[in-house]
Amino acid sequence: MIELYRRIPYVYISGALTVATEERRQELRELYEFLGTLCTCNRLGAYIPHMVSDPVKQAHLTPDQVDELDRFAVTRSELVIAYLDDPSHGVGIEVEMANHAHLPVWLVFSEKLLHKRVISRLVRGNPACRGQPVIVFTDQEDLETRLNTHLKAFVERMSDPSRPEVLRFRDA
């Protein structure tokens, strides 16, 4: 019976794409895929929305279809990582979806934005973000180090033998 509940735990990677220039959109795609790789290196799957519903590559998808896809993926994830360097209505909505699903959200943004004070207080104050890591980084190497540290600790907590078996992580 417990096997019915087992699945590979995954992280939902949330970030802007729609209003970015094509050059920036490509940089962001690469960054989100990098974040996904860090998740898989830590025994977690990764749902990267642009792999399924890219606003350019899958422009044929209707708004309702994108909502259904992303809502399904967010609410079945174990964790949402929200990249905040680029403004996005979608990221805010995904953070709130995670909140309603009682999921943790980790905020990720570059140090230069921290000092400019341009990260939304509404997102930072969302209950899904409270008490969760806020990963402020200087460059990609720093991001990798910081995120790996938090992902390893997250997987250890979720794999703890004292957790009920149906909630305990198994290897991805």
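A.B. asks: Break down the overall build of the protein chain for me, with residues and values.
C.D. replies: If you tally the helices and strands in the protein chain, you get 7 helices and 5 strands. Taken against the 2.2 N^0.38 rule, which gives 16 Å for 172 residues, the C-alpha radius of gyration of the protein chain at 16 Å falls within 12% of a compact globule. Each of the three principal axes of the protein chain carries a C-alpha extent, and together these read 50 × 40 × 30 Å. At a minimum sequence separation of 6, the contacts of the protein chain that also span at least 24 residues come to 71%. Surface summary for the protein chain: the accessible area is close to 9900 Å², and the carbon and sulfur share equals 54%. Between the averaged position of the 21 positive side-chain charges in the protein chain and that of its 25 negative side-chain charges there is a distance of 5 Å.

A.B. asks: Hey, could you go over the layout of surface pockets for me, with residue numbers and the actual values?
C.D. replies: Empty space within the largest pocket amounts to approximately 700 Å³. Lining the largest pocket we find 29 residues, and of these T18, V66, D70, G90 and E94 sit closest to its centre. Listing elements by their share of the lining of the largest pocket, those giving two or more residues are β1 (10–14), α2 (50–53), α3 (63–75) and α4 (89–100). When residues of the lining of the largest pocket are assigned to their parent elements, the largest contribution, 6 residues, is made by α4. Among the residues forming the lining of the largest pocket, the class breakdown is 15 nonpolar, 10 polar and 4 charged. Taken as a whole, the second largest pocket encloses approximately 240 Å³ of empty space. Around the second largest pocket sit 14 residues that line it, and L84, D86, P87, S88 and S120 are the ones nearest its centre. In terms of residues, the lining of the second largest pocket owes the most to one element, α4, which gives 3 residues. Among the residues forming the lining of the second largest pocket, the class breakdown is 8 nonpolar, 4 polar and 2 charged.

A.B. asks: How would you summarise the sheet that holds strand β5 (residues 134–137) if you had to cite specific residues and measurements?
C.D. replies: Hydrogen bonding along the main chain pairs the strands of a sheet, whether they run parallel or antiparallel. The strand order β2-β1-β3-β4-β5 describes an open sheet built from 5 strands, whose pairing is parallel. Where the open sheet ends on each side, the last strands, each with one partner, are β2 (45–47) and β5. Going across the sheet, the axis of each strand differs from the next one's by a mean of 20°, ignoring polarity. Note that strand β3 (residues 79–83) and strand β4 (residues 105–110) share 4 bridges and pair parallel. For V80, the partnering residue across the bridge sits in β4 and is V105. Sheet strands in contact with α4 are β1, β3 and β4, and its direction is about 160° off that of β3.

Reading guide: rules and limits
Each chain carries its own residue numbering, running from 1 in the written order of its sequence. Local features in this predicted model are restricted to residues whose pLDDT is 70 or higher, and side-chain atom pairs enter the listing and the counts only when it is 80 or higher, whereas totals over whole chains, interfaces and linings include all residues. Each side-chain value is worked out from all heavy atoms of the structure, with water and hydrogens disregarded. Working definition: helices are DSSP H or I runs of at least four residues, strands are E runs of at least two. Numbering for both runs from the N terminus. For the radius of gyration, the atom set is restricted to C-alpha positions; the globular benchmark scales as 2.2 Å times the number of residues to the power 0.38. Contacts: residue pairs with any heavy atoms within 4.5 Å of one another. Surface accessibility in these figures is a Shrake-Rupley result with a 1.4 Å probe; residues are shielded only by whichever protein chains are displayed. Positive charge is attributed to Lys and Arg, negative charge to Asp and Glu, and no charge count is given to His or to the chain ends. Each charge is placed at NZ for Lys, CZ for Arg, CG for Asp and CD for Glu. Cavities and pockets are found on a 1 Å grid laid over the protein atoms alone: a cavity is a set of points where a 1.4 Å probe fits but cannot escape, a pocket is an open set with protein on both sides within 12 Å along at least five of seven lines, and a lining residue has an atom within 4 Å of such a point. Grid points are joined across faces, edges and corners, and a volume is the space filled by probe spheres set on the points. In the scheme used here, Gly and all other residues not listed as nonpolar or charged are polar, with Ala, Val, Leu, Ile, Met, Phe, Trp, Tyr, Cys and Pro taken as nonpolar and Asp, Glu, Lys and Arg as charged. Following DSSP output, two strands are said to pair if at least two bridges run between them. For helices, the fitted line uses only the C-alpha atoms of the stretch in contact; every axis is such a line through C-alpha atoms, and the angle between N-to-C directions lies from 0 to 180 degrees.

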